[in-house]
Structures are given as C-alpha cells and as structure tokens.
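Fold and geometry: a report
Listed below, chain by chain, are the residues.
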Amino acid sequence: MCGYRVDESKMASDPASVKGDDGPASSQAPPLSPNTPAKPPELPDELVQAGWSKCWSRRENRPYYFNRFTNQSLWEVPVLGQHDVISDPLGLNAAPAEGDANGRKRRMSEEQSSNKRPKVCLSNQLSVEPSTPISPSTPGVKPWAPEERQTLTSPSTPIYWDLDVQTNAVIKERPPLPLLPPHPEIELQRAQLVTKLRQHYHELCLQREGIDPPRESFNRWLLERKVIDKGLDPLLPSECDPPISPSMFREVMGDIPIRLARIKYKEEARKLLFKYAEAAKKMIDSRNASPESRKVVKWNAEDTMNWLRRDHSASKEDYMERLEHLRLQCGPHVAAVAKDSVEGICSKIYQLSADYSRRLRQTHLGLLQTPPPSEAPTAPVPGARLVYCYPLRLSVPSPVLPRVELHFENDVACLRFKGEMVKVNRGHFSKLELLYRYSCVDDPRFEKFLSRVWCLLKRYQMMFGSGTHEGTGLQGALPVSVFEVLHRQFGVSFECFASPLNSYFKQFCSAFSDTDGFFGSRGPFLSFTPASGSFEANPPFCEELMDAMVSHFEELLSSSSEPLSFVVFVPDWRDPETPALTRMESSRFLREQLHVPPFEHEYRSGSQHTCKREDMSYRAVHGTAVLFLQNDAGFAKWPPTPDGVAELGSAFKPPKTNSSTSTSGPAPPEGRPHGSNRACWSLIRGF
C-alpha cells in the first residue's frame, strides 16, 4: 500500500449503529462495517462519524485524508453533504453523486477515463490500510497501464450489469481464507493438465465402449465433483467420496450402446432403430454376459431386424415405439455387462485428477515467498459481529506476478502470457477493471491486475472447454430486464450463482474463491451463510448441485429470524421431475411460484464476454420454474405480490424485434435417453 502506515491513535471510532432497510423489527443489532476502532482524530465530529481521519504521507511530506468506509483518499479536507451520515453513516443508501440514478447507472466510460480511484462500496471492505492518493506530482504511482488507458466502452456499447446497486446481504464477519493466490505459471500448467485429462476421458470412452464422450459431460463432472470435493485444488477434484461420479457414470451409461439423438424424420428413426439393435447384439456377444442376457438381447435384436426387413410402410411413430420397446428389453442386460467398464472410466479419470492436483500444489508452494499456514479458520468465528457482505480475502500474500501483455483488436482485449492468449470484449474488460477497483485491497497501483485477469479468463476457459460451441450454455444469465424487476420489486441485490464475467450485481457467489475474490466474489454459495438479505439463485442445471442448493436453502431459512429471501430459477423438468424441484415445491418456505413456458423466454449466453452482440441471447428450449423461498420476516419485507410476479413474468419475455436474440445460434444440447433430457439441457450459471 505504497509503504505508508497510519497512526492508529488518529483513527476514528466505529459508528454506534447502522440504520437498516425498512422492514419488520430485527431481533439482532444492525450490521456494522468491518473496520479498526481507534481514538478520534483532530477533525470535526461530522467527518469522524463519516469515517474520515487525517494521515501523513512520508513521501509527499504533507497530510492527506482517508475514509476507512469508502477507501477514498483526498489531499484536501473532505466536504460532507453527499449523504446523511446520521441515518446512513456507511453510505449504503447514498444518492448518486453524479446526476440522477440513470446517469450514474451508465457512467462506466467516464469512470474509466478518469485517473481518480472511484469510491469503493463500504460492504466490500474488511480492515484496509489507507493508501496515499495518486496525484500527478507523485512519481512512479500510476494506474495499471496509462499507455493503454482509453475509453474502453463507447456510448453504443450495451451494458449488461449495474454495479451501483448496494448489497442488503448481511453475514457474520469471517477471517481471510488460507488459499494459494492465483499465479499465471500455475494457471498455465493447470490448463495443460485439464486438457490432458479431457483427452484421457475421450480415449477411454472410445477404447472401452466405442463411443464419444457425452457432450459436455466432462464439464458437468467437474461441477458435480466440486459439490463434495474436500481437496485443495480450485478446479481439479482430488478428495471425493465416493470416487466414482454418479453424474459421469449416468451419462456414459446413457449413451451405451449408442447415443440416441433427437429424431425429426421417418428415415432417421429407421436408421437409429437398426443401429441400436446391431450395437446391442454386438456388445452382448463381445462381453462376459450371462446366458440369459445373451438369449434376451440376441432374440430381441434379431426380431427387430427381421421386422425392419419386412415392414417398409411403418411411420416415424412406429419406429420410435419399437425403439422404446427394444430399449426396455435390452437396456438392463446391456447396462449390466458395461457397468464395470464404465466404473473403471470414472475411477481412472478421478485418480488422474487427484494426481494432477497434488503435483500442481507442490509447484505452487514453490513459487510463494512465504509458506501458507497449515490450517486456518475459514468459518465465522464465535461471537463474530454482523456486517454487510464483502469480497473474499486471502490470507496468503501474493508473490510478484510475471508480466502479461495486453493489446486490443477492434473491440476485443487480448491478454497473452507465454504464447497463451485469452480474449474478452472491451465492455467486459472494462467491467473487470471496475470490479477490481471496488473489491481488491492489496493492489492499489493495479500492478497485478492484468495477471489476475489472465488467470480468471484461463480458469473459466478450462472449466467450460474450448470445443466449437462448447460451454455456450454454461454461465448463462438472466436478461437485464429480469434483474431490474427483481431489484425493484423484491429487493434482490445479490446473485448466488454467477461469475465476474456474467454477474449483474457487484456482489455475487461464484465457483472460484482464489481468482474471483479480487473481482467481488463472496465464494461458492454452498459455503456462504448469510443472516439476512434478498437473493437471486440461478444454479447450474446439475442435479447433484441443485439438490445440495435446496438443502442449503432449508438450513439458512430455518436458522435465521432476520429477513431472508431467495428467488430461485430452475428448469421446469417434469418427465421425470428433479428431486430439487420436488423438494422446493413441497417446502414450508415456498411463498409463490411462476412457470415460464419454453421458447417464450430467453437467457444471456454464457460466452457473452466473447461472443458477438447478435449471439448474446437465445431462446430457452425448456420451461423455467421461478420459486420464492422466504422465511416469515423475508415474506413480510419482500412479499411476492401478484403485480410484482406478473411484472417478472413479462420481463422474461423476449422483445418482438431483438437483433441480439438468437433463435438459430448454437444449438441447445440434445436430450438424453430414458425420457430424461435434463442433464444435456445444461444452461449452467457458475456456482
């Protein structure tokens, strides 16, 4: 922090209390902002109450003024009047300082073209040391790259976020996490190992079962494993029980003996029926099957082939009915002979992942200047005070990071490290810079900004895959109009499943604590324990994760007497129903439910940070269920009124003429066999 320290005797004491939002009386004290109490400095009481203290710059040899609430530094004596320091001493509900709210909402270009550091939301601050304000006369102190600094977004660039919304989420103060800080060298090695693991998975499926891996099943395996993984690597599973993934096993078995794709025409149905009969007979002949299984499969396969030779006038429905009958007769026997082989595939991939994780950690430890603590508390300590939620902090100091090169190609920012390039459009690059300014406290000069952006982009690229259209359904987000209604009608200010790339608010939970915390993440949602607040949850459409999410909802709503509300968006799968949807519909906390029909609403693409504007949105091929889960205090404070729910449903509908809505873009994943297409319709958000 520029080598300056503050005399603790001159720091202001904490405000006695904070006035909360309108709502029912709280049984607990209002949340405070994390800060360091000390004696009041020689300043007017009004400035002291607003968080200002007088400090001394040894480099400039003159005093300056620092606000521990907003992390703002000024050379001149600060002036009050921008918000009421008595009723709102933290400035959480302060009026915009630059014109009206709409002007503030769209001022991103102006903030980026300014060399002043914008105010940081109080809720994003833990205990920070004041930094010397940057001035033209301060040599060597400059933003991250002045030669590259330019207006990154033009007036015509669409904005898909609102970073001015303050949080109403309250948590217990928690210590920094003992995670290893991200490093480009390690992230590059992790990317190479994940690519190698994907290749192993493809080869095992092809060699053992003669099939290609189910589309994006590896990505869903990563999601499902991280729900139960207790290992130390942020991406690669290494400590899971059971080691055999139910998700991967289910999807590979679903494509045996062949993958059943969607059928549109009669001839396609006829060919698919013939291929299934042929593949089932071939598999049962080549495996160690029981005599009874051989007899049943061979008889049904030969009977189907004879029927195909005799009957050439059958309709598409006849062929599909015959295929369903063949699957019911042969499927259990085929699955029995393939079970051990598929379990071997799942076990081998997990063992390789655990080995890669151990190797990566040893290399990572060797790069650190100071070894991390062997164990450190990660949960709220007993007696911790309530505070507005703030981004995660790491307890392990970051080493000096290598240089990452940046250049722009039209509207795309290109970041290169050792020949590996990642790309992000100008608008989202600008958003990452703002999030970094709001959330990061250990890099005021932006010396590590480009390296951390490179690590962030590389991490998500590896998680989603690099195939054609792969991952386009991952990280999908709700339309801006839906977020606006959620905030206006139901007080939503926090996303439970998002990322720095697709978030609408600046406060959110995401998959990776180490890379995302510098950009505003509060960590994975399953480890996040808010005491109050209004939240939006649009989870990955992974059954194991959705089920764990519902369990977490129930625990949070049962344990808190403060206002707590979750507006949940999940696929409306009814054939068969998912356990998560069934549990939420029967929950005692369910207050209201809305059904949005398929093809009548849209999502924003998971590749929104790289795709073209015309591919930004796409129609949903499945219905969406919207459920309001609230405790009594949450229901009283943010009730799902009929007018509000109706407005939410209208906001979900795509505009009649929308050039950014794709109806033909990347095709949605095809349905799975056995009447269940839910794992393949994976509009995954980030967790």
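Scroll up a little and you will see the structure.
The structure contained in this document is the topic of the report that follows. (Residues numbered from 1 in each chain as written. Predicted model: local features only at pLDDT ≥ 70, side-chain atom pairs only at ≥ 80, totals over all residues. Heavy atoms only, no water.)

1. Remarks on unusual backbone geometry
Of note, the bond from Asp241 into Pro242 is cis; its omega dihedral lies within 30 degrees of zero at 10°. In this fold, Pro242 is placed in the loop between α5 (217-228) and α6 (246-254). In this structure, Pro257 follows Ile256 across a cis peptide bond, with omega equal to 5°. In this structure, Phe446 is a non-glycine residue whose phi angle is positive, near 60°. In this fold, Phe446 is placed in the loop between α10 (426-439) and α11 (449-464). On the accessibility criterion, Phe446 (4% relative accessible area) is buried. (Helix = DSSP H or I, 4+ residues; strand = E, 2+ residues; numbered from the N terminus. Buried < 20%, exposed > 50% of the residue type's maximum accessible area, 1.4 Å probe, protein only.)

2. Structural notes on the environment of Phe417
In this fold, Phe417 is placed in strand β7 (residues 412-417). Along the primary structure Phe417 and Val404 are separated by 13 residues, whereas in three dimensions their C-alpha atoms are 5.2 Å apart. Look past the residues within four positions of Phe417 in its chain and what remains in contact with it is Pro184, Glu185, Leu188, Pro402, Arg403, Val404 and Trp454. (Contact = heavy atoms within 4.5 Å.)

3. Quick notes on the nonpolar core
Grouped together as the largest cluster of nonpolar side chains are 147 residues, with contacts concentrated most on Leu415, Phe429, Leu486, Phe525, Met549 and Phe566. At 14 residues, the largest contribution of residues to this core is made by helix α9 (residues 316-367). Grouped together as the second largest cluster of nonpolar side chains are six residues, Leu43, Ala50, Trp52 and Tyr65 included. (Core = buried A, V, L, I, M, F, W, Y, C linked by side-chain atoms within 4.5 Å.)

4. Thoughts on the packing of aromatic side chains
The final tally for this structure, using the stated rule, is 29 aromatic pairs. With centroids separated by 5.0 Å and ring planes inclined at 10°, the aromatic side chains of Phe494 and Phe528 adopt a geometry described as stacked. Taken as a pair, Phe494 in strand β9 (residues 494-495) and Phe528 in the loop between α13 (513-516) and β10 (533-537) lie far apart in primary sequence, 34 residues in all. With a relative accessible area of 0%, Phe494 lands in the buried category. Here Phe528 and Phe535 contribute two aromatic rings whose centre-to-centre distance is 6.3 Å and whose plane-to-plane angle is 70°, an arrangement assigned as edge-to-face. We note that Phe528, like Phe535, is buried. An aromatic cluster is built from Phe494, Phe497, Phe525, Phe528, Phe535, Phe553 and Phe566, whose rings are joined through pairwise contacts. (Phe/Tyr/Trp six-rings, centres within 6.5 Å; stacked < 30°, edge-to-face > 60°.)

5. Here we look at the pattern of salt bridges
In total, this model carries 29 salt bridges according to the counting rule given. One salt bridge in this structure joins Glu187 and Arg190, with 2.9 Å as the shortest N-O distance. Of this pair, Glu187 and Arg190 both sit in helix α4 (residues 184-209), separated by three residues, roughly a single helical turn. Note on accessibility: Glu187 and Arg190 belong to one class, buried. The partner of Arg583 in a salt bridge is Asp547, and the shortest N-O contact between them spans 2.9 Å. (Salt bridge = Lys/Arg side-chain N within 4 Å of Asp/Glu carboxyl O.)

6. With respect to the side chain of Ser521
As for its placement among the helices and strands, Ser521 is situated in the loop between α13 and β10. In this view, Ser521 contacts Pro391, Leu392, Phe508, Cys509, Ser510, Phe512 and Asp516; residues no more than four positions away in its chain are not counted.

7. Considering α9
For α9, with 52 residues, the first-to-last C-alpha span of 62 Å runs short of the 76 Å given by 1.5 Å per residue. Bending of α9 peaks at approximately 50° at the position of Ala338. (Expected span 1.5 Å × (residues − 1). Bend = angle between axes of the 7 residues up to and from the residue.)

8. Some words on the sheet that holds strand β15 (residues 624-630)
Sheet strands line up and pair through hydrogen bonds in the backbone, either parallel or antiparallel. The sheet built from five strands is open, its strands ordered β9-β10-β11-β15-β12 with mixed pairing. Each edge of the open sheet carries a strand with a single partner, namely β9 and β12 (590-596). Of the pairings in the sheet, the one linking β10 to strand β11 (residues 564-571) comprises five bridges and is parallel in character. The residue bridging Gly533 from the neighbouring strand is Leu564, located in β11. Each of β10, β11 and β15 touches helix α14 (residues 543-559); the most contacted strand, β11, lies at about 165° to it. (Pairing = 2+ DSSP bridges. Axes fitted to C-alpha atoms, helices over the stretch in contact; angles between N-to-C directions.)

9. Observations concerning the environment of Arg403
With respect to the helices and strands, Arg403 occurs in the loop between β5 (386-388) and β6 (405-409). Look at Arg403 and you get exposed, because its relative accessible area is 71%. The sequence separation of Arg403 and Arg416 amounts to 13 residues, and the corresponding C-alpha distance is 9.1 Å.

10. What about the state of the cysteines?
For the structure shown, the criterion picks out zero disulfides. Cysteine Cys346 shares no disulfide, and the gap to the nearest cysteine sulfur, in Cys205, comes to 8.3 Å. You can see Cys509 has no disulfide; the closest cysteine sulfur is in Cys496, sitting 6.1 Å from it. (Disulfide = S-S within 2.5 Å.)

11. Topic: the environment of Met248
Position of Met248 relative to the elements: it lies in helix α6. Apart from residues lying up to four places away in sequence, Met248 is in contact with Tyr201, Trp221, Cys346 and Ile349.

12. Concerning the pairing of β6
Along β6, the buried face is formed by Leu406 and Phe408; none of Glu405, His407 and Glu409, which line the opposite face, is buried. As judged from the five bridges shared by β6 and β7, these two strands associate in the antiparallel manner. Looking at the pairing, Phe408 lines up with Ala413 of β7. Hairpin connection from β6 to β7: two residues lie between these consecutive antiparallel strands, with Asn410 at a positive phi of about 60°.

13. A word on the sheet that holds strand β2 (residues 62-67)
The antiparallel open sheet is built from three strands, whose spatial order is β1-β2-β3. In the strand order of this sheet, the two ends are held by β1 (52-57) and β3 (72-74), each with one partner. In this sheet, neighbouring strand axes are inclined to one another by 30° on average, regardless of whether the strands run parallel or antiparallel. Sheet topology places β2 next to β3; three bridges connect them, and they run antiparallel. Across the sheet, Phe66 pairs through a bridge with Ser73, a residue of β3.

14. Focus: the packing of helix α7 (residues 266-286) against helix α8 (residues 291-310)
For the pair α7 and α8, the least separation of the axes is 9 Å and the interaxial angle reads 155°. By the criterion of interaxial angle, the relationship of α7 to α8 is roughly antiparallel. Handedness of the crossing formed by α7 with α8: left-handed. When α7 is examined against α8, the residues Arg270, Leu273, Phe274, Ala277, Glu278, Ala280, Lys281, Ile284 and Asp285 are found in contact with a partner set consisting of Ser293, Arg294, Val297, Lys298, Ala301, Glu302, Thr304, Met305, Trp307 and Leu308. A per-class count over the contact of α7 with α8 returns 10 nonpolar, two polar and seven charged. (Parallel < 35°, antiparallel > 145°, perpendicular 65-115°, else oblique. Left-handed = near helix turned anticlockwise from the far one by under 90°. Nonpolar A, V, L, I, M, F, W, Y, C, P; charged D, E, K, R; others polar.)

15. Points about the packing of α8 against α9
Two elements in contact, α8 and α9, have axes separated by 8 Å at closest approach and are oriented at 165°. With respect to α9, the axis of α8 lies roughly antiparallel. Our pair here, α8 against α9, has a crossing hand that is left-handed. Facing α8, whose interface residues are Ser293, Val296, Val297, Asn300, Ala301, Asp303, Thr304, Trp307 and Leu308, α9 presents Asp318, Tyr319, Arg322, His325, Leu326, Gln329, Cys330 and His333. Partitioned by chemical class, the residues of the contact of α8 with α9 number eight nonpolar, six polar and three charged.

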